[in-house]
Amino acid sequence: MKWSPVLLCLVGFALAGPLKSFVDLQDTKEPHPGEFGDYFEGDIVLPRSRTGQLAPTYRWPNNTLVYAFAPSINETQRVLVNNTLRLISDGSCLRFVNRTTEKDYVLVVNNKTGCFSSVGRQRGVQILHLENDGCFKQGTIAHEFLHALGFWHAQSAYNRDDYVTINWENIKKGKEHNFSIKPNTTTTMFDLPYDYGSVMHYPGTAFSKNGNFTIVPKEEGVEIGQRRGLSGLDFQRLNRMYNCTTGQ
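Being a predicted model, the structure only gives us computed values, none of them experimental.

Enquirer: A description of the pattern of salt bridges should follow, citing residues and the corresponding values.
Expert: As a working rule, side chains carrying opposite charge can pair if their charged atoms are close by. Inspection of every chain in the model, using the stated rule, returns three salt bridges. Asp 104 is the partner of Arg 121 in a salt bridge, and the nearest nitrogen-oxygen pair spans 2.7 Å. Of the two residues, Arg 121 sits in the loop between strand S6 (115–118) and strand S7 (125–130) while Asp 104 sits in the loop between strand S4 (95–98) and strand S5 (105–109), which places them 17 residues apart along the sequence. A residue is classified by how much of its surface remains accessible, and Arg 121, at 11% relative accessible area, is buried. Note on Asp 104: relative accessible area 18%, which makes it buried.

This is the structure:
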């Protein structure tokens, strides 16, 4: 199936749970606070031109993301990243290869605070940061690499308000922009429904100033903000974004 070359706004289906091969190494449903820092939408490093991300050049060619580790990333951390990327590969047609001489690649570093990444291929070296304290968990690693592949957050979907309520009064002052919506003129859901269970969805108290919910699902009994791993529809969107036949 051939899709228009537009940037993915990652959303999914409430019943599509995370892939069972992922192991939750974090004894909490809330992601690490490092995902909700001072970057755009908490963990996104904006590119040199925001609108440029809509071009097909911001997809990784040949469905292959090239990456490398900074020397400060230890062996245990490297194994966890590699295992996470292998799980993503197993459910998609994406490949992740270690850099040799490629000019465009993701560099995994851990020298700052927080977990963050650019969205899509930026050309040259682009930083994907995983803080030592809390970011080296499979779901969080997957979340940041999906950003690098071109995914925005799930609740950025243009039809977001049909599925969740944003409690603006509970959001920290100055953080309201993190709950902006991407219009359907610039993003696509790839003909798939909203995904409460997406690894790219904010948790209920993201950017809360008082501990109360900033996001409330309109459907009862659903979980948002899980960081165990990709949901079934996360994989479907990834495959449709990269024109794969797997998981369509």
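Having seen it, we continue.
Enquirer: I'd like to hear about the state of the cysteines, residue by residue, with values.
Expert: Tallying each qualifying case throughout the model produces two disulfides. The disulfide partner of Cys 93 is Cys 244, and the gap between their sulfur atoms is 1.6 Å. The disulfide joining Cys 93 to Cys 244 has a torsion of about -45 degrees about its S-S bond and is therefore left-handed. Taken together, the positions of Cys 93 in the loop between helix H1 (75–90) and S4 and Cys 244 in the segment after helix H3 (232–241) put the pair 151 residues apart, joining distant regions of the chain.

Enquirer: Any details on the packing of H1 against helix H2 (residues 138–149)? Residues and values, ideally.
Expert: Any two packed helices are characterised by the angle at which their axes cross and by the distance between the axes. Taken N-terminus to C-terminus, the directions of H1 and H2 make an angle of 65 degrees; their axes are 9 Å apart at the nearest point. By the angle class used here, H1 and H2 are roughly perpendicular. The hand of the H1/H2 crossing is right-handed. Contacts from Leu 80, Val 81, Thr 84, Leu 85, Leu 87 and Ile 88 in H1 reach Gln 138, Ile 141, Ala 142 and Phe 145 in H2.

Enquirer: So what's going on with the nonpolar core? Residues and values would help.
Expert: Judged by nonpolar contacts, the single largest core of 42 residues is most densely connected at Leu 65, Phe 96, Phe 145 and Leu 149. Put simply, the parts of the chain that give this core at least two residues each are strand S3 (64–69), H1, S4, S5, S7, H2 and H3. Broken down by element, the residue count for this core peaks at six residues, all from H2. Once residues within four sequence positions are removed from consideration, Phe 96 is found in contact with Leu 65, Tyr 67, Leu 85, Ile 88, Ser 89, Phe 145 and Leu 149.

Enquirer: Now, about H3: what can you tell me, with residues and values included?
Expert: Of all 10 residues in H3, eight are buried, a share of seventy percent or more. The set of residues buried in H3 consists of Leu 233, Asp 234, Phe 235, Arg 237, Leu 238, Asn 239, Arg 240 and Met 241. Looking one or two residues beyond H3, the residue adopting positive phi is Asn 243, at roughly 55 degrees.

Enquirer: Mind laying out the packing of aromatic side chains, listing which residues take part and the relevant values?
Expert: Counted under the stated rule, the structure contains 10 aromatic pairs. Residues Tyr 67 and Phe 145 carry aromatic rings whose centres are separated by 6.2 Å and whose planes lie at 85 degrees to one another, so their mutual orientation is edge-to-face. Residue Tyr 67 is located in strand S3, and its partner Phe 145 is located in helix H2; the two are separated by 78 residues in the primary sequence. No difference in accessibility class separates Tyr 67 from Phe 145, as the two residues are buried. Here the guanidinium or amino end of Lys 182 rests over the ring plane of Trp 152, the centre of that ring lying 4.4 Å away.

Calculation rules
- Residues numbered from 1 in each chain as written.
- Predicted model: local features only at pLDDT ≥ 70, side-chain atom pairs only at ≥ 80, totals over all residues.
- Heavy atoms only, no water.
- Salt bridge = Lys/Arg side-chain N within 4 Å of Asp/Glu carboxyl O.
- Helix = DSSP H or I, 4+ residues; strand = E, 2+ residues; numbered from the N terminus.
- Buried < 20%, exposed > 50% of the residue type's maximum accessible area, 1.4 Å probe, protein only.
- Disulfide = S-S within 2.5 Å.
- Axes fitted to C-alpha atoms, helices over the stretch in contact; angles between N-to-C directions.
- Parallel < 35°, antiparallel > 145°, perpendicular 65-115°, else oblique.
- Left-handed = near helix turned anticlockwise from the far one by under 90°.
- Contact = heavy atoms within 4.5 Å.
- Core = buried A, V, L, I, M, F, W, Y, C linked by side-chain atoms within 4.5 Å.
- Phe/Tyr/Trp six-rings, centres within 6.5 Å; stacked < 30°, edge-to-face > 60°.
- Lys NZ or Arg CZ within 6 Å of the ring centre and 35° of its normal.

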